[in-house]
Each structure stands twice: as structure tokens, then as C-alpha cells.
Amino acid sequence: MSMQSTHPHTTAWRLWRRNGLIWAALMLLLALTLVLAYVPMGWLTPAAGIVIAFSKAGLVILLFMELAKARPLIRLAAMAGVVFLAVLFALTLADVLSRLAGR
Amino acid sequence: MSETTSLLKEPWQYFDRQREAGTFGIWVFLASELLFFGALILTYTVCRIENVAAFAAAGRETNIWYGTINTAILLTSSLTMAMASQAAAANEGLRRLILWCLAATAALGLAFLVVKGFEYREDIERHLVPGAHFGLKQTAAQLFFGLYWIVTGVHAVHLTIGIIMVVRLTLLGYLNKFQLDENPEIQVTGLYWHLVDIIWIFLYPLIYLPGRTS
């Protein structure tokens, strides 16, 4: 995508098109997650809700927050939170789930 | 088209450095916010694993329409916030677009709080508050609603702070108190706004979608 444009209106239109498409994708995912919540699929039903939440968050982080084109230092700062959150979840759930399996 | 010299603040010598530091700083803050909300969501996860049936029954009691409409409102506010931030970064004098998008973002944030207020009133009327007069027969459902009030309450506080910051940007820009083009404050505020949206993206399936199949 070229960042050069000769007229402000061209830029405005380009920004609406780019971000409008992302917004439309987010709305479609919202509709999808709402519908899937009513479909009985066992453990897949709550899993679908979480997977779609990750997809929506991914769109917002990478495209609205522009992490996809951010510098490595910024990406590192963003990843730090995700990594420590993963550690928190992994260690706690390893404990909780293994106790549950022993019951 | 504008100069960046008016935006340069102490202690920075170069505007690029200042902008980079601002973006880096807010991302470090957002990572800490992620851990804060992550711990609450982890508590929810553990409680839900141990009380599957009660959490399904509790989730069914939430108002899915208020929840879904609010999700759509916040996602749309992220669109207008991203537009304001990127229009400012484009540095092409898109003043009207930036101001309208900032105002729309704040208005959508307020709309979310209004809907949430109606929802809270309904929840209270239906005795969905943990305690002696709790409305559901499953005791463990109180764990769900205890977390519901805490997490949505803290989220609403975050959103209120976001609204104040966006209104501030709108007013300063409208009154020509500062330059909108290339102003890093718009981007930094935007990043905070998007995080508040992301937290809600995860709260939506955890609060409103459990127990809908039965």
C-alpha cells in the first residue's frame, strides 16, 4: 500500500476502506460467535467462542494497533505481556487440571 | 502538513525519539494491564472448570442482547479511534476527520456505559448479586456473578478513563490548543482505547455465551 497521496481526500478514503474492511471482519466474527454459542457441539462450543475472541483480538492488535508494522522493540514490549500471561495460565492450569484428573 | 517542533517536549531532542518512547511506554503499561485482567480471567477459568454446570446456568441468566450490542459498540469505537490515529499520523491536514472520529469514539464509549447501566439495573432487579438474596439456586453461580461484577466494573472504570482522555484530545484539537497532525498523544490514547476493547472481546464469550445450548 502506497503511503504517498496527492490529495487529503484520497488519504481519507484509503483509511476508511482499510479500517472499514477490518471493522466488517470484526462484525462478521461477532455474528459468528453469537450463532455458534447456540449450536450444541460439546466442548467445541465454548472453544469456538475463545478461538473467535483470539481472532478478533488479533485483528485489533495487528491492524488497528498497527503492531504488524511496529518496530521490534515495540513488538517485544507487547509480547512480554502475552508471554508472562501464558506462564501464569500454564502453571496454574497444570495444577488445577491434574488435580481434577486424579478425582 | 505541519511542523513537529511544536510537539517536541522535554527531555527529548528529536521528535522521532519522543514518539518512539511514548509508544514503547504505553505498550509496557498495556502489557501490565494484560496481566491484571489476565489474573481475573484465570480466576474465572479455574472457578468455571470446577463448577461447569453452575457457570452454564449463570451465563444463561445474563442478557445476551445487551452484551452483544455493547460488543458491537466497542468494536465500532475501535474503528473510529483507529481512523483518528491513522489520519493524524498521515499528516495531511485531515482536521475535520480526526475531530469527528475522536468525538464519535467518545460518544460510542458513553453509549456502552449507558447500555451497561441498563444491564446492571436489570441484573440487580433479578437478584443476580451474590449474597443472602441471590436469585439462582446453584450456590456456585455466585462465583460467576461475583467475578461478573468485579471484571465488568473494573472494565467500566478503564473505559471511563479512556472517554475522559479522548474528550480531552477532542477539545484541545477543536480549540486549537494543540496540533492534531502527527501528535503522538492521539496514537498513545488510541492504543489504550484498543486494549480496553480487547479486554471486552475476551469478556464477551466468557460472560454472555456459556450455557446457551441448553
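Residues numbered from 1 in each chain as written. Chains lettered and ligands numbered in written order. Predicted model: local features only at pLDDT ≥ 70, side-chain atom pairs only at ≥ 80, totals over all residues. Heavy atoms only, no water.

A.B. asks: If you had to explain the confidence of the model for chain A to someone new, which residues and values would you point to?
C.D. replies: This prediction gives chain A a mean pLDDT of 92; 93% of its residues lie at or above 70. When the elements of chain A are averaged for pLDDT, helix H3 (residues 72-102) of chain A gives the smallest value, 94, and helix H2 (residues 44-64) of chain A the largest, 97. (pLDDT = per-residue confidence, 0-100. Helix = DSSP H or I, 4+ residues; strand = E, 2+ residues; numbered from the N terminus.)

A.B. asks: I'd love a proper account of the packing of aromatic side chains, names of residues and values included.
C.D. replies: Residue and element names in this part refer to chain B. Evaluation of the coordinates by the stated rule reveals 15 aromatic pairs over all chains. Judged by centre distance (6.3 Å) and plane angle (90°), the rings of Tyr120 and Tyr148 are edge-to-face. Of this pair, Tyr120 sits in helix H4 (residues 95-125) while Tyr148 sits in helix H5 (residues 141-174); the two residues are 28 residues apart in sequence, bridging distant segments of the chain. Taken individually, Tyr120 and Tyr148 each receive the classification buried, so the pair is uniform in this respect. Considering the side-chain rings of Phe145 and Tyr148, the 5.6 Å spacing of their centres and the 70° angle between planes classify their relative orientation as edge-to-face. Taken together, the positions of Phe145 and Tyr148, both in helix H5 and 3 residues apart, correspond to about one turn of that helix. Assigned by exposure class, Phe145 and Tyr148 land together as buried. Ring pairing ties together the aromatic residues Tyr44, Phe55, Tyr120, Phe134, Phe144, Phe145, Tyr148 and Trp149, which thus form one cluster. (Phe/Tyr/Trp six-rings, centres within 6.5 Å; stacked < 30°, edge-to-face > 60°. Buried < 20%, exposed > 50% of the residue type's maximum accessible area, 1.4 Å probe, protein only.)

A.B. asks: I'd like a description of the interface of chain B and chain A, backed by residues and values.
C.D. replies: With 49 residues of chain B in contact, the opposing surface of chain A contributes 52 residues. Both sides of the chain B and chain A interface together cover about 4400 Å² of buried area, and 80% of this is carbon and sulfur. At the junction of chain B with chain A, the criterion picks out 1 salt bridge. Put simply, B:Glu20 and A:Arg71 hold a salt bridge, and the shortest N to O gap is 3.4 Å. Viewed at the interface, chain A and chain B are joined by 5 residue pairs in polar contact (both at pLDDT 80 or more). For the side of chain B that touches chain A, the secondary structure elements donating two or more residues are helix H1 (15-50), helix H3 (64-90), H4 and helix H6 (184-207) of chain B. Element by element, the count of residues in the side of chain B that touches chain A is highest for H1(B), at 18 residues. (Contact = heavy atoms within 4.5 Å. Buried area = accessible area lost by both parts, 1.4 Å probe. Salt bridge = Lys/Arg side-chain N within 4 Å of Asp/Glu carboxyl O. Polar contact = N/O pair within 3.5 Å; in protein donor to acceptor, adjacent residues only side chain to side chain.)

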